[in-house]
Amino acid sequence: MSFSSTPARLTLLALLSATTVYCFYRSRRLKLLKLSTNANPNPHSNGQPAVSIKRGKLFFVSQTGTSKTLARQLHDLLNSTGLSFELVDVKSYEPEDLAKESLVLIIASTWEDGKPPADAEFFANWLAESADDFRVGSLLLSKCRFAVFGVGSRGYGDSFNAVARDFSRRLRGLGGIEILPIGEGDVDGGELDGVFEEWSREIVKALKVSGLENEISVEQSLNGGIGDEFYSDEDDDNEDDMESVVVDLEDIAGKAPSRKLGGATTETNGKLRNGPKEMVTPVIRANLEKQGYKILGSHSGVKICRWTKSQLRGRGGCYKHSFYGIESHRCMEATPSLACANKCVFCWRHHTNPVGKSWQWKMDDALEIVNSALDQHKKMIKQMKGVPGVTQERLAEGLSPRHCALSLVGEPIMYPEINTLVDELHTRRISTFLVTNAQFPDKIKMLKPITQLYVSVDAATKESLKAVDRPLFGDFWERFTDSLTALRDKHQRTVYRLTLVKGWNTEELDAYFELFSLGQPDFVEIKGVTYCGSSATSKLTMENVPWHADVKAFSEAIALKSKGEYEVACEHAHSCCVLLAKTDKFKVNGQWFTWIDYEKFHDLVASGKSFDSTDYMAATPLWAVYGAEEGGFDPDQARYRKERNHRPKP
């Protein structure tokens, strides 16, 4: 072969350059290894040098406390097996010190928009900036072994466990050696605990089998990793020995788990091998039952409302009694779907219910749900027997519910057989008040006549809706506006329900009014947010709760903006709630007709003929009308005022 030609010379130069780079890189690896092993001889290695391990670090990145709890569980497990780890909150850790660590485990939560909680932003930013900075180099964490477990919600799609995945990628980019594939836990999938326990067992096995709890062997050198080839002085001239230093993942941690441990279910022909899973897992069930819910089947629930108990005792009904004439002591609060597509900041369930963008669970029969709901509701009503103020007459009425508020928790319209369930209720002459969170416009369109259909309008702009509702869907705004528009074609009573959160959405009056034209609702309920106590999932405090005067002022201002199309019709001061109604439909000869003729509604449904909201309206009593001295409190009930014994402010 002649080297006189230009291509040949270029080929030779390329080969020489590649060989030079390889030799330099290998020499550097060996020098680093020798320096480390000479400085840290292992007394148990029979004269063979090894790198000693300092105490490991177990970091947690937590917003709601879930990751912190899991980290504590793993910490206890590691200690019980003789593995020494320090439990560390990343907010109190200096990330520059990562280069000094030899073994790191991270339990990381993903928060809004695929980002870490605020306390972990500095740590995450440092990792990202360091990994992207060519001046730092890819050997910064070459002495560090690590593993990451992510805690997130699969309902958020591509951002599921984005923080944990990013940590894993950045640590590897800085030279860190991943000793176990990333674990992925789904807080809403019901399998978080099981997936984490499996991952924890694999961590312990990996540490013990590989000897990492005491030392890093020569065969796992500074720049090597699981499944890589490692060099030592002795193997320079012995290529046959290379096979002995190749470490397979299955040898270290048993059977290699899936890259995504969270995917515990496998699919065959598009179907889950073991069939659809149940929505309510044991963990979710325990959380909801602790809050007083009665779980029905695998995805439904019922709970007695405090206003039901209040009117049973003759102490007043809820705002629906004042606005629409329901009998609160005969109202059943239920849902056929505990799952929701939002994680609202004011959720009074503190996000203990599951989330999802579509129905992916086992489905119970609609008739069984209705029967079970009525049965459990009646049992709870019977428990009111003997309570002061509960008369035999009201107790008997309570045992025969006439209304069902399908608004308990979750998104009832997600249930595939919602129309069948509504039919079952109407057949028993039980009225329906259904609330949807405006993320399923197609479901709204196919819905059969409902006594009163609500859409939650929690914010008036795309930015504020994302901040308040924290929706799962990427196209949440389009779904929201389409849901409002779908109301326009409904002939029965429709309602926008606005929840005012001071500091979040109370300044959007003009934008709210612009939404009125989309759905042209019959009514607009404007209510102050209810403070449900502190929660790691919500930033709300009592400062975010508007006074009734604030709600009234907002309602009057938006009514004025409508130029007579809507007027303030009713109020329920106790609930901090005000009702706007369409003037041309529900104000007849100066009198409001916001109440419902329930018997007429059921007759209309049974007839099978078309009808609209004016066909079953009834006159509103004067005590419920806006501005009445009763403030929406039924004078036939006895007002009971609790004594407040708050400590005086210092």
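Small disclaimer: the values here were computed from a predicted structure and weren't measured.

Draft legend 1. View of the overall build of the chain. When its secondary structure is counted, the chain shows 19 helices and 24 strands. Looking at the chain as a whole, 52% of its 650 residues are labelled buried. Split by element, the accessible area of the chain, about 30,800 Å² in all, is 50% carbon and sulfur.

Draft legend 2. Representation of the packing of aromatic side chains in the model. Using the criterion set out here, one finds 24 aromatic pairs in the structure. Residues Phe196 and Trp199 carry aromatic rings whose centres are separated by 6.2 Å and whose planes lie at 25° to one another, so their mutual orientation is stacked. Here Trp199 and Phe196 lie together in helix H5 (residues 192-210), a separation of three residues that amounts to about one turn. Just as Phe196 is buried, Trp199 falls in that class too. Between Phe523 and Phe586 the ring centres are 4.5 Å apart and the planes differ by 35°, which places this aromatic pair in the tilted class. Placement of the pair is Phe523 in strand E18 (residues 523-528) and Phe586 in helix H18 (residues 583-586), with a sequence separation of 63 residues. Neither residue differs from the other here; Phe523 and Phe586 are each classed as buried.

Draft legend 3. Summary view of the sheet that holds strand E16 (residues 452-456). What the 10 strands build is an open sheet, ordered E11-E12-E13-E14-E15-E16-E17-E18-E20-E19; its pairing is mixed. Both edges of this open sheet fall to strand E11 (294-296) and strand E19 (566-572), since each of them pairs with a single strand only. For this sheet the average axis-to-axis angle between neighbouring strands, irrespective of direction, equals 25°. Sheet topology places strand E17 (residues 493-500) next to E18; six bridges connect them, and they run parallel. When the bridges of E18 are listed, Val495 appears paired with Phe523.

Draft legend 4. How the structure looks around the pairing of E19. With six of seven residues buried, E19 lies mostly within the body of the structure. Bridging between E19 and strand E20 (residues 577-582) involves six bridges; their strand directions are antiparallel. The partner of Val568 across the bridge, within E20, is Leu580. Linking two consecutive strands that pair antiparallel, namely E19 and E20, is a turn of four residues; a positive phi of about 55° is found at Cys576 within it.

Draft legend 5. Structural detail: helix H3 (residues 121-132). Its 12 residues give H3 an end-to-end C-alpha distance of 16 Å, which sits within 8% of 16 Å, the value for a rise of 1.5 Å per residue. All of the buried residues in H3 are Phe123, Ala124, Trp126, Leu127, Ala128 and Ser130. Residues of H3 that are buried sit in contact with helix H4 (162-173).

Draft legend 6. Spatial organisation of the pairing of strand E3 (residues 85-89). Sheet analysis places strand E2 (residues 56-61) next to E3, joined by five bridges and oriented parallel. Paired with Lys57 across the two strands is Glu86, which belongs to E3.

Draft legend 7. Structural context of the environment of Phe554. Mapped onto the fold, Phe554 is located in helix H17 (residues 548-561). Along the chain, Phe554 and Thr506 lie 48 residues apart, while their C-alpha atoms are 7.9 Å from each other. Residues contacting Phe554, with those up to four places away along its chain left out, are Leu498, Leu500, Thr506, Leu509, Tyr512 and Ile526.

Draft legend 8. Representation of the packing of helix H14 (residues 462-469) against helix H15 (residues 476-487) in the model. Packing of H14 against H15 brings their axes to within 10 Å, and their N-to-C directions diverge by 100°. Taken together, the axes of H14 and H15 are roughly perpendicular relative to one another. Across the interface between the two elements, Lys462, Leu465 and Lys466 of H14 pack against Phe476, Trp477 and Phe480 of H15. Along the lines of polarity and charge, the residues of the contact of H14 with H15 split into four nonpolar, no polar and two charged.

Draft legend 9. The confidence of the model for the chain, seen in detail. The predicted model of the chain averages 79 in pLDDT, with 77% of residues at 70 or higher. A low-confidence stretch, residues 1-53 stays under pLDDT 50, and its non-local contacts, those more than four residues away or across chains, total 53 contacts. Predicted confidence for residues 215-273 stays below pLDDT 50, and this span has 121 contacts to residues more than four positions away or in other chains.

Draft legend 10. Representation of the nonpolar core within the structure. Leu421, Val457, Tyr496 and Ile526 are the most contacted members of the largest nonpolar core, which has 78 residues in total. With seven residues, the single largest contributor to this core is helix H10 (residues 366-382). Apart from the residues within four sequence positions on either side, Val457 is in contact with Phe480, Leu484, Tyr496, Arg497, Leu498, Thr499, Tyr512 and Leu515. In terms of nonpolar packing, the next biggest core, distinct from the first, is built from 26 residues, Val435, Ala569, Cys577 and Phe586 among them.

Draft legend 11. Fine view of the pattern of salt bridges. This model, assessed by the stated rule, comprises 22 salt bridges. Through salt bridges with shared partners, one network takes in Asp132, Asp166, Arg169 and Arg170.

Draft legend 12. The environment of Glu507, seen in detail. The residue Glu507 is located in the loop between E17 and helix H16 (509-519) in this model. A sequence separation of 47 residues divides Glu507 from Phe554, and the C-alpha atoms of the two residues are 9.2 Å apart.

Draft legend 13. Fine view of unusual backbone geometry. The phi torsion at Arg470 lies on the positive side, around 45°, for a residue other than glycine. Inspection of the secondary structure puts Arg470 in the loop between H14 and H15. Assessed through its relative accessible area of 8%, Arg470 is described here as buried.

Draft legend 14. Spotlight on H15. Here H15 contains 12 residues, and its C-alpha end-to-end distance of 17 Å stays within 8% of the 16 Å for a straight helix at 1.5 Å per residue. Within the sequence span of H15, burial applies to Phe476, Trp477, Phe480, Thr481, Ser483, Leu484, Ala486 and Leu487. Those residues of H15 that are buried lie in contact with helix H13 (441-445), E16, H14, E17 and H16.

Draft legend 15. Molecular detail of the side chain of Ser130. With respect to the element layout, Ser130 can be found in helix H3. For Ser130, a relative accessible area of 8% translates into the label buried. Those residues within four positions of Ser130 in sequence are excluded, and the remaining contacts are Val136 and Leu174.

Draft legend 16. Examining the packing of H16 against H17 more closely. Packing of H16 against H17 brings their axes to within 10 Å, and their N-to-C directions diverge by 55°. With respect to H17, the element H16 is oriented oblique. Here H16 and H17 pass one another in a crossing that is right-handed. Residues Leu509, Asp510, Tyr512, Phe513 and Phe516 of H16 form the contact with H17, whose own contacting residues are Phe554, Ala557, Ile558 and Lys561. Of the residues contributing to the contact of H16 with H17, the split by class is seven nonpolar, no polar and two charged.

Draft legend 17. Main features of the environment of Met617. Tracing the chain through its elements places Met617 in strand E24 (residues 617-618). A relative accessible area of 22% means that Met617 is categorised as partly exposed. Residues Met617 and Phe586 lie 31 residues apart in sequence; the distance between their C-alpha atoms is 7.9 Å. Excluding anything up to four places from it in sequence, Met617 contacts Arg493, Lys585, Phe586, Val588, Phe593, Trp595 and Asp597.

Calculation notes
- Residues numbered from 1 in each chain as written.
- Predicted model: local features only at pLDDT ≥ 70, side-chain atom pairs only at ≥ 80, totals over all residues.
- Heavy atoms only, no water.
- Helix = DSSP H or I, 4+ residues; strand = E, 2+ residues; numbered from the N terminus.
- Buried < 20%, exposed > 50% of the residue type's maximum accessible area, 1.4 Å probe, protein only.
- Areas by Shrake-Rupley, 256 points an atom, 1.4 Å probe, with all protein chains shown as cover.
- Phe/Tyr/Trp six-rings, centres within 6.5 Å; stacked < 30°, edge-to-face > 60°.
- Pairing = 2+ DSSP bridges.
- Axes fitted to C-alpha atoms, helices over the stretch in contact; angles between N-to-C directions.
- Expected span 1.5 Å × (residues − 1).
- Contact = heavy atoms within 4.5 Å.
- Parallel < 35°, antiparallel > 145°, perpendicular 65-115°, else oblique.
- Nonpolar A, V, L, I, M, F, W, Y, C, P; charged D, E, K, R; others polar.
- pLDDT = per-residue confidence, 0-100.
- Core = buried A, V, L, I, M, F, W, Y, C linked by side-chain atoms within 4.5 Å.
- Salt bridge = Lys/Arg side-chain N within 4 Å of Asp/Glu carboxyl O.
- Left-handed = near helix turned anticlockwise from the far one by under 90°.

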